[in-house]
Amino acid sequence: MNTRSHYDVVIIGAGMSGLAAGIRLAHFGKKVCIFERHNAVGGLNSFYSIAGRKFDVGLHAMTNFVRPGVKGTPLGKLLRQLRIDRDEFALCEQKQSRIAFGPRGETSLRFTNDFVVFEGEVAAMFPAQADGFRKLVAAVRTFDDVSLEAAPISAREVVRRHISDLLLEDMLFCPLMYYGSATEHDMEFGQFVIMFKALFLEGFARPFEGVRVVLRVLLEKYRAAGGERRMKCGVQKIIAHAGRASAVLLDSGEEITADHVISSIGAPETERLVAASSSELPPAPRTLSFVETISILDRQPAELGWGSDTIIFFNDSSRFDYVRPTAQVDPRSGVICIPNNFDYGVGRVLPEGIFRVTCLANYDRWAILPEADYQADKLRWFTGVLRSARRFLPPLASDDALAAATLTTDMFTPRTITKFTGHFGGAIYGAAVKHRQGRTDLGNLYLCGTDQGFLGIVGAMLSGISMANYHILQKG
Amino acid sequence: MTKDECKQVVLDIIADIAPDEDLSNVKPEVRLRDQLQLDSMDFLDIVMELRKRHGIEVPEKEYQQLASLDSCAEYLTPKFDALAGKN
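Residues numbered from 1 in each chain as written. Chains lettered and ligands numbered in written order. Predicted model: local features only at pLDDT ≥ 70, side-chain atom pairs only at ≥ 80, totals over all residues. Heavy atoms only, no water.

Trainee: How should I be thinking about the overall build of chain A in this particular structure?
Mentor: The helix and strand inventory of chain A stands at 15 helices and 18 strands. Computed over C-alpha atoms, the radius of gyration of chain A comes to 22 Å, within 12% of the 23 Å expected from 2.2 N^0.38 for 476 residues, which places it in the range of a compact globule. Seen through its principal axes, chain A has C-alpha atoms that stretch 70 × 50 × 45 Å. For chain A, the proportion of its 476 residues judged to be buried stands at 59%. When the accessible surface of chain A is split by element, carbon and sulfur atoms take 53% of a total near 18,700 Å². In chain A, 54 positive and 51 negative side-chain charges are present, and the distance between their average locations comes to 3 Å. (Helix = DSSP H or I, 4+ residues; strand = E, 2+ residues; numbered from the N terminus. Rg over C-alpha atoms; globule rule 2.2 N^0.38 Å. Buried < 20%, exposed > 50% of the residue type's maximum accessible area, 1.4 Å probe, protein only. Areas by Shrake-Rupley, 256 points an atom, 1.4 Å probe, with all protein chains shown as cover. Lys, Arg positive; Asp, Glu negative; His and termini not counted. Charge placed at Lys NZ, Arg CZ, Asp CG, Glu CD.)

Written out as structure tokens, the structure reads:
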């Protein structure tokens, strides 16, 4: 018997994009196997358990939410392509979110899943900009954001053609950058459009049980379509021969041959597998990374007076600096997420309160720390991040009310991200350079996921779908 | 296979790939794209489901033959008959 396995397609990584690619390929009869180094699926959007309590990572909210009957948007495409009935995700809509700027969030723009609310807020807060904002929205609506060939242009440049107030400009960029930008200061306009639609024109929703519902649906579709999956089974090398990937070498030493290889692990990370220089890392790019604090509360956040906001994007400074901080963390700006504040239906509430805060962080500053210092700095920053975020929420009855309500906490740092996902530099949104067509130096090795460049959770899944269609299924 | 049966095959496929579309009043002579919200990803799926379910190959340069239900029937019925004849 031949001990070597052969697949039509090998997929590296069981995150959202790898699973979506796998479902497409398996559905159309390809022999597919997904190899995942970790023992859990989901990659950057996953969950873990500590003492029986499940914590979501990644997903604050599913972006791109549209109500049933709205067609031609990414969510609809995704559901059709993966043969998912929208009831399977059972998405519950956000209540409201805000962009809060100023030392105490003095300037605030509310938005919901009804775009007119946001338009109204912009017009009320920035009357002189209302007309320009409408023109910007028109430009966003007509831009072809799914083209795999569009030439890159600066989003700041395009936005400034319509918006002259720097505060409004920064307030528009803040949520879009925090939810998907791998580049500092500016975004590529195509990415701006994808994110603007995903957050403002479409909206936020969440399954009651969070990210694991989405993962469960994907896994079930993949299994039903006949896809194979090997967990705790990393790929250590992609073996190249005559300009093609001929096989992958697993951590176990086993060699698997394949006609096509799709890698969801990132462009530089994939390059390293091809080069397989086990010591040499590519030069560290200025990767953007994040910390996130998670507080589990013994009551609903509404009981603390925090019942209305689902997500808050905040910034306390005169300009919004979306850059890799020089310090370990930049607490001046960030994102607050209160998963309890989705509309789960009458009388349906999450069993515990959850309060999450995300801020920009510097991978290198965390990576070099000895373990004891690492733990101490985590603790120190946990307090700092919470103190910063609380300025943008309604004041509590007493200063220690949050601490008194807290059952347990956790925190992830750039170091955690690299440890569990293998992404260099604690990257969440991949490298600054995107490879829209997913091509690599090897003819049958393709990228999907963050470095292909469709953003957000829906974007991640569409990335896997598009690359499977474009490179493999369309070619018969 | 009759042309009506062939149209039903195509409708069954569309019902699976786009369950959110109302297919009760599809006009056979009108382009599918003009009466249903189907994009290029959906048309690719129609082609691939034809291959998966019925072993029918539609080369890329002939995709436009699938524009309407009538043109589908004209184009696909002989292909179905040829396959049936082989068996």
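So, next bit.
Trainee: I tried to follow the overall build of chain B on my own but got confused; where do I start?
Mentor: Scanning chain B from N- to C-terminus turns up 4 helices and 0 strands. Listing the helices and strands of chain B from first to last along the sequence gives α-α-α-α. At 12 Å, chain B has a C-alpha radius of gyration in line with the 12 Å of a compact globule built from 87 residues. The long-range fraction of contacts in chain B, counting pairs at least 24 apart against all pairs at least 6 apart in sequence, stands at 52%. Element-wise, carbon and sulfur atoms account for 49% of the exposed surface of chain B, whose accessible area totals about 4,700 Å². Positive and negative side-chain charges of chain B, numbering 11 and 19 respectively, have mean locations separated by a distance of 6 Å. (Contact = heavy atoms within 4.5 Å.)

Trainee: Sorry, what's going on with the packing of helix 2 (residues 74–81) of chain A against helix 3 (residues 40–54) of chain B here?
Mentor: Any two packed helices are characterised by how steeply their axes cross, that is the angle between the axes, and by the distance between the axes. Relative orientation of the contacting elements helix 2 of chain A and helix 3 of chain B amounts to 5°, with a least axis distance of 11 Å. Between helix 2 of chain A and helix 3 of chain B, the interaxial angle falls into the category roughly parallel. Where helix 2 of chain A abuts helix 3 of chain B, its residues A:Lys77, A:Arg80 and A:Gln81 lie against B:Met41, B:Asp42 and B:Asp45. Among the residues forming the contact of helix 2 of chain A with helix 3 of chain B, the class breakdown is 1 nonpolar, 1 polar and 4 charged. (Axes fitted to C-alpha atoms, helices over the stretch in contact; angles between N-to-C directions. Parallel < 35°, antiparallel > 145°, perpendicular 65-115°, else oblique. Nonpolar A, V, L, I, M, F, W, Y, C, P; charged D, E, K, R; others polar.)

Trainee: In this structure, what is going on with helix 10 (residues 267–275) of chain A? I would like to understand it.
Mentor: Because an α-helix completes one turn every 3.6 residues, residues spaced three or four positions apart along the sequence face the same direction. Residues and elements named next belong to chain A. Turning to helix 10, its buried residues number three or more, namely Ala267, Pro268, Glu269, Thr270 and Leu273. Looking at the packing, one finds that the buried side of helix 10 touches strand 1 (5–12), strand 10 (235–241), strand 12 (255–263) and strand 18 (445–447). Phi turns positive, to about 50°, at Ala276, one or two residues after helix 10.

Trainee: Honestly, the pattern of salt bridges in this entry has me stumped. Any pointers?
Mentor: Close approach of charged atoms lets side chains of opposite charge pair. Following the criterion strictly, the structure yields 43 salt bridges over all chains and no others. Two residues, A:Glu88 and A:Lys221, come together in a salt bridge whose shortest N-O distance is 3.2 Å. Highlighted residues: A:Glu88 in helix 3 (residues 86–89) and A:Lys221 in helix 9 (residues 211–224), separated in sequence by 133 residues. Two residues, A:Asp316 and A:Arg391, come together in a salt bridge whose shortest N-O distance is 3.0 Å. Of the two residues, A:Asp316 is situated in the loop between strand 14 (309–315) and strand 15 (329–337) and A:Arg391 in the loop between helix 12 (371–390) and helix 13 (401–405); the sequence distance between them amounts to 75 residues. Overall, the relative accessible area of 23% leaves A:Arg391 in the partly exposed class. Each member of the salt-bridge network shares a partner with another, and the members are A:Arg24, A:Arg83, B:Asp16, B:Asp45, B:Glu49 and B:Arg53. (Salt bridge = Lys/Arg side-chain N within 4 Å of Asp/Glu carboxyl O.)

Trainee: What's the story with empty space enclosed by the protein in this structure? I'm lost.
Mentor: Residues and elements named next belong to chain A. Applying the stated criterion across every chain, the model contains 1 cavity of 30 Å³ or more. For the largest cavity, the calculated volume is near 30 Å³. Residue lining of the largest cavity: Ser181, Ala182, Thr287, Leu288, Ala427, Ile428, Tyr429 and Gly430, and that is the complete set. Among the residues making up the lining of the largest cavity, the classes are represented as 5 nonpolar, 3 polar and no charged. (1 Å grid on protein atoms, 1.4 Å probe; cavity = no way out; pocket = protein on both sides within 12 Å on 5 of 7 lines; lining within 4 Å. Points joined across faces, edges and corners; volume = space filled by probe spheres on them.)

Trainee: Help me out: how do you make sense of the sheet that holds strand 16 (residues 353–361) of chain A in this one?
Mentor: Picture the strands of a sheet paired through backbone hydrogen bonds; they go either parallel or antiparallel. Residues and elements named next belong to chain A. An order of 7-6-14-15-16-13-17 is seen for the 7 strands of this open sheet, with the pairing classed as mixed. Two strands lie at the open edges of the sheet, namely strand 7 (107–111) and strand 17 (406–412), each paired on one side alone. For this sheet the average axis-to-axis angle between neighbouring strands, irrespective of direction, equals 20°. The pairing of strand 15 with strand 16 spans 5 bridges and is antiparallel. Residue pairing across strands places Val335 opposite Thr358, the latter belonging to strand 16. On the sheet, helix 7 (residues 166–178) packs against strand 6 (96–101), strand 7, strand 13 (289–297), strand 14, strand 15 and strand 16 and is oriented at approximately 125° with respect to strand 6. Running over the sheet, helix 12 touches strand 13, strand 14, strand 15, strand 16 and strand 17 and is turned about 80° from strand 13. (Pairing = 2+ DSSP bridges.)

Trainee: Please explain the side chain of B:Asp45 as it appears in this structure.
Mentor: If you trace the backbone, B:Asp45 turns up in helix 3. At 2.7 Å, the side chain of B:Asp45 and the side chain of A:Arg83 are in polar contact. Setting aside residues no more than four positions away along its own chain, B:Asp45 makes contact with A:Arg24, A:Phe28, A:Gln81, A:Arg83 and B:Ile17. (Polar contact = N/O pair within 3.5 Å; in protein donor to acceptor, adjacent residues only side chain to side chain.)

Trainee: Where do I start with the state of the cysteines in this structure?
Mentor: Disulfide: a covalent bond connecting the sulfur atoms of a pair of cysteines. All names here are of chain A. Evaluation of the coordinates by the stated rule reveals 0 disulfides over all chains. No disulfide involves Cys337; its sulfur sits 13 Å from the nearest other cysteine sulfur, which is in Cys359. Taking relative accessible area as the criterion, Cys337 reaches 0% and is therefore assigned buried. Judged by relative accessible area, which is 0%, Cys359 ranks as buried. (Disulfide = S-S within 2.5 Å.)

Interpretation in functional terms is not warranted from these geometric data alone.
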